[in-house]
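These are the residues of each chain, in order.
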Amino acid sequence: EKMNSTMSEEPDALSVVNQLRDLAADPLNRRAIVQDQGCLPGLILFLDHPNPQVVHSALLALRYLAECRANREKMKSELGMMLSLQNVIQKTTTPGETKLLASEVYDILQSSNLSDTDSVNELNYRRRKAQFFLGSTNKRAKTVVLHIDGLDDSSRRNLCEEALLKIKGVISFTFQMAVQRCVVRIRSDLKAEALATAIASTKVMKAQQVVKSESGEEMLVPFQDTPVEVEQNTDLPEYLPEDESPTKEQDKAVSRVGSHPEGAASWLSTAANFLSRSFYW
């Protein structure tokens with residue numbers, strides 16, 4: 001890789017895929033990205049990229065896009081999508097958390113055309129198959145359910161996402177806004193307290209863990225107040241500077257990228273441009 005590329009040169013794959021991931025994190029952009037001619041094929045090609053950070057970032061973008069039910073059929077039928085996901089899962093050199101994320105995206109798309117009950121059964125069946133398929137890597141993941149006080153609008157959700165994305169060992173997460181919950185898949189060697197510390201660092205939210213008692217009832221268990229040392233992900237993009245933070249502009253707009261649709265659109269065309277130049281000549 002070239003050191004310090006000058007401004008006139010192309011953006012590198014990692015910065016493009018990180019931008020796409022950040023755009024996909026905003027629900028308002030998810031349809032547009034999948035409708036765009038260049039973005040989906042580009043993300044699929046990124047799944048083959050030699051840099052594992054690019055692959056993981058592309059998978060996070062796809063995971064976000066797949067959250068929008070209307071996108072799933074198109075994503076599933078996109079040339080090379082399912083095959084590339086399978087390659088990531090089967091490649092022996094793929095890191096464990098990347099495999100898990102890939103199999104999660106694969107499962108969601110695979111069950112896209114089933115009705116809800118069918119898809120739950122199908123997902124459970126696939127998950128059992130995936131566990132067998134992934135063997136030991138799967139023992140390295142666990143699910144933590146958090147109840148987050150203060151998680152009550154999409155700007156808070158963005159803060160929460162940013163805090164979680166910075167933790168090394170977080171595989172994926174899904175929000176259940178109506179009940180102020182976040183379901184987080186993490187590597188088993190990561191302590192759940194690290195999630196609480198990260199969420200507390202937002203200063204406006206606090207997390208408790210949802211656990212089931214022996215009788216099957218759900219209970220909220222507060223975390224200890226002693227902050228845990230959190231290992232940071234070093235490959236994260238720069239976030240918006242303070243003066244553009246969504247909390248200060250709440251009356252204008254709630255969501256980070258969605259509040260600048262023209263910015264999102266121009267970024268999409270830059271990304272698509274980059275992708276078409278990199279891959280199709």
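As the structure is a computational prediction, the values presented were derived from the model and not from experiment.

Caption draft 1: Broad picture of helix H3 (residues 39–46). When you tally the buried positions in H3, you get 7 out of 8 residues, the bulk of the element. Looking at H3, one finds that the buried residues are Cys-39, Leu-40, Pro-41, Gly-42, Leu-43, Ile-44 and Phe-46.

Caption draft 2: Quick peek at the sheet that holds strand E2 (residues 170–176). Taken in spatial order, the 5 strands make up an open sheet running E2-E3-E1-E4-E5, and their pairing is antiparallel. With one partner strand each, in any of the chains shown, E2 and strand E5 (218–222) form the two edges of the open sheet. Each adjacent strand pair in this sheet contributes to an overall mean axis angle of 35 degrees, direction not counted. Judged from the 4 bridges that link them, strand E1 (residues 141–149) and strand E4 (residues 206–212) form a sheet pairing that is antiparallel. When the sheet's bridge partners are listed, His-147 is paired in E4 with Gln-208. Those strands touched by helix H7 (residues 96–110) are E1, E2 and strand E3 (181–187), and its axis lies near 40 degrees from that of E2.

Caption draft 3: Structural view of unusual backbone geometry. We note that Gln-180 has phi near 55 degrees; this positive angle belongs to a residue other than glycine. If you trace the backbone, Gln-180 turns up in the loop between E2 and E3. The partly exposed category is assigned to Gln-180, whose relative accessible area is 22%. A positive phi angle is found at Lys-203, which is not glycine, with a value near 70 degrees. Within the secondary structure, Lys-203 sits in the loop between helix H10 (192–200) and E4. Judged by its relative accessible area of 73%, Lys-203 falls in the exposed class.

Caption draft 4: Molecular detail of the packing of H3 against helix H4 (residues 52–67). With their axes 8 Å apart at the nearest point, H3 and H4 run at an angle of 140 degrees to one another. Overall, the two elements H3 and H4 adopt an arrangement that is oblique. H3 and H4 meet at a crossing whose hand is left-handed. For the pair H3 and H4, the contacting residues are Leu-40, Leu-43 and Phe-46 in the first and Val-54, Val-55, Ala-58, Ala-61, Leu-62 and Leu-65 in the second. For the contact of H3 with H4, the residue count by class is 9 nonpolar, no polar and no charged.

Caption draft 5: Examining the pairing of E5 more closely. Note: E4 against E5, 5 bridges, orientation antiparallel. Each residue of the ladder has a partner; that of Gln-209, found in E5, is Val-221. Hairpin connection of E4 to E5: 5 residues between the antiparallel strands, including Gly-216 at a positive phi of 90 degrees.

Caption draft 6: Representation of the environment of Leu-62 in the model. Here Leu-62 is to be found in helix H4. You can call Leu-62 buried: its relative accessible area is 0%. Once the C-alpha coordinates of Leu-62 and Val-105 are considered, the two residues, 43 residues apart in sequence, prove to be 7.1 Å apart. With near-sequence residues (within four places) excluded, Leu-62 lies in contact with Leu-40, Leu-43, Leu-47, Met-75, Met-81 and Val-105.

Caption draft 7: Main features of the side chain of Arg-157. Here Arg-157 lies in helix H9 (residues 154–165). Residues within four places of Arg-157 in sequence aside, it is in contact with Arg-30, Glu-67, Leu-151, Phe-175 and Met-177.

Caption draft 8: Layout of the pattern of salt bridges. On inspection of all chains with the given rule, the structure shows 13 salt bridges. Among the ionic pairs, Glu-78 bridges to Lys-74, the shortest N-O distance being 3.2 Å. Take Glu-78: its relative accessible area is 18%, and that puts it in the buried class. The residue Asp-152 makes a salt bridge to Arg-156 at a minimum N-O spacing of 3.7 Å.

Caption draft 9: Summary view of the side chain of Glu-78. Tracing the backbone through its elements, the reader meets Glu-78 in the loop between helix H5 (72–77) and helix H6 (81–90). Apart from residues lying up to four places away in sequence, Glu-78 is in contact with Leu-40, Pro-41 and Ile-44.

Caption draft 10: Seen up close, the confidence of the model for the protein. Looking at the protein as a whole, the pLDDT averages 76, with 66% of positions reaching at least 70. Per-element confidence in the protein ranges from a low mean pLDDT of 53 for helix H8 (residues 116–134) to a high of 94 for H6. Low pLDDT (under 50) marks residues 1–9, which in the prediction has 1 contact with non-local residues, meaning those over four places away or in another chain. Throughout residues 131–138 the model reports pLDDT below 50, and contacts reaching past four residues in sequence, or to other chains, amount to 12 contacts.

Calculation notes
- Residues numbered from 1 in each chain as written.
- Predicted model: local features only at pLDDT ≥ 70, side-chain atom pairs only at ≥ 80, totals over all residues.
- Heavy atoms only, no water.
- Buried < 20%, exposed > 50% of the residue type's maximum accessible area, 1.4 Å probe, protein only.
- Helix = DSSP H or I, 4+ residues; strand = E, 2+ residues; numbered from the N terminus.
- Pairing = 2+ DSSP bridges.
- Axes fitted to C-alpha atoms, helices over the stretch in contact; angles between N-to-C directions.
- Contact = heavy atoms within 4.5 Å.
- Parallel < 35°, antiparallel > 145°, perpendicular 65-115°, else oblique.
- Left-handed = near helix turned anticlockwise from the far one by under 90°.
- Nonpolar A, V, L, I, M, F, W, Y, C, P; charged D, E, K, R; others polar.
- Salt bridge = Lys/Arg side-chain N within 4 Å of Asp/Glu carboxyl O.
- pLDDT = per-residue confidence, 0-100.

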